[in-house]
Amino acid sequence: MDIRNATIEDVEAVTAVEALCFPAAEAAPKQEFIERLSAYPDSFWLLFDGEKLVGFVDGMVTDDPDLTDEMYEKADLHDPDGKWQMIFGVNTIPSYRRQGCAAMLLRQAIADAKERGKAGLVLTCKDKLLHYYAKFGFENEGVSESVHGGAVWYQMRLTFEK
């Protein structure tokens with residue numbers, strides 16, 4: 001298994017994995033991935049098994065401390081010098097789940113954010129995943145204002161020690 005950052009050439013594979021991992025109402029469309037990959041390819045971590053994309057983590061960087069729905073749709077809100085690495089999606093295709101793929105990707109995203117001097121990472125998740133992200137040090141901040149895909153989301157934050 002190998003992790004690398006994305007390029008625009010990965011857009012088809014990333015879009016296909018997203019469609020396998022999220023309901024249609026929550027999955028980002030290809031055009032959003034084109035915009036995201038053009039704005040912040042270094043905030044996309046792709047996991048490959050040989051030539052096969054089996055998972056990825058993506059998100060933008062911002063000074064805004066809270067993840068908002070607007071961030072999903074507006075790649076131009078990305079600020080490479082911002083304090084917070086947002087995580088929009090943690091994706092693993094079904095046949096590779098429960099094998100540590102998401103953990104590998106999250107550890108890489110966390111390590112890179114720390115190395116880049118960020119204050120930490122912020123993500124939103126459904127209640128059934130709160131315990132999973134807590135294992136990485138994320139703390140539940142309660143129900144998010146996000147209404148993305150019509151779901152109830154909880155905001156979680158991992159803050160680095162100073």
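Residues numbered from 1 in each chain as written. Predicted model: local features only at pLDDT ≥ 70, side-chain atom pairs only at ≥ 80, totals over all residues. Heavy atoms only, no water.

Attention now goes to the pattern of salt bridges. Where charged atoms from two side chains of opposite charge come close, those side chains can pair. Evaluation of the coordinates by the stated rule reveals nine salt bridges. In this structure, E12 engages K30 in a salt bridge whose closest nitrogen and oxygen atoms are separated by 2.4 Å. One end of the pair, E12, is in helix α1 (residues 11-21); the other, K30, is in helix α2 (residues 30-39), with 18 residues separating them in the sequence. Look at E12 and you get partly exposed, because its relative accessible area is 47%. Since its relative accessible area comes to 36%, K30 is described here as partly exposed. (Salt bridge = Lys/Arg side-chain N within 4 Å of Asp/Glu carboxyl O. Helix = DSSP H or I, 4+ residues; strand = E, 2+ residues; numbered from the N terminus. Buried < 20%, exposed > 50% of the residue type's maximum accessible area, 1.4 Å probe, protein only.)

Another aspect to go through is the packing of aromatic side chains. Inspection of every chain in the model, using the stated rule, returns eight aromatic pairs. Geometrically, the ring pair formed by F44 and F56 is stacked, given 6.2 Å between the ring centres and 20° between the ring planes. Placement of F44 in strand β2 (residues 44-49) and of F56 in strand β3 (residues 52-58) is noted, with a sequence separation of twelve residues between them. Across the pair, exposure class does not vary: F44 and F56 are buried alike. Each ring, one from Y132 and one from Y133, has its centre 5.3 Å from the other, and the planes form 80°; the classification is edge-to-face. In this structure Y133 comes out as buried when scored by relative accessible area, which is 7%. Linked through ring pairs, F33, Y40, F44 and F56 together constitute an aromatic cluster. (Phe/Tyr/Trp six-rings, centres within 6.5 Å; stacked < 30°, edge-to-face > 60°.)

Topologically, S43 is positioned in the loop between α2 and β2. For S43, a relative accessible area of 1% translates into the label buried. When residues no more than four places from it in sequence are discounted, the contact partners of S43 are V57, D58, G59, V61, H78, Q85 and R116. (Contact = heavy atoms within 4.5 Å.)

This paragraph deals with the pairing of strand β5 (residues 84-87). Side-chain alternation along β5 places W84 and M86 on one buried face and Q85 and I87 on a second face that is also buried. Judged from the two bridges that link them, strand β4 (residues 61-62) and β5 form a sheet pairing that is antiparallel. Bridge pairing links T62 to W84 in β5. In this sheet, strand β7 (residues 120-125) lies alongside β5 in parallel orientation, the contact comprising four bridges. (Pairing = 2+ DSSP bridges.)

Before going further, it helps to spend a moment on the nonpolar core. Judged by nonpolar contacts, the single largest core of 52 residues is most densely connected at F44, M86, I87, F88, L121, Y133 and F138. Ranked by residue count, the leading element in this core is helix α4 (residues 101-115), at eight residues. Residues in contact with F138, not counting those within four places in the same chain, are I110, L121, V122, L123, Y133, M156, R157 and L158. (Core = buried A, V, L, I, M, F, W, Y, C linked by side-chain atoms within 4.5 Å.)

Fair warning: the whole summary comes from geometry, so function is off the table for now.
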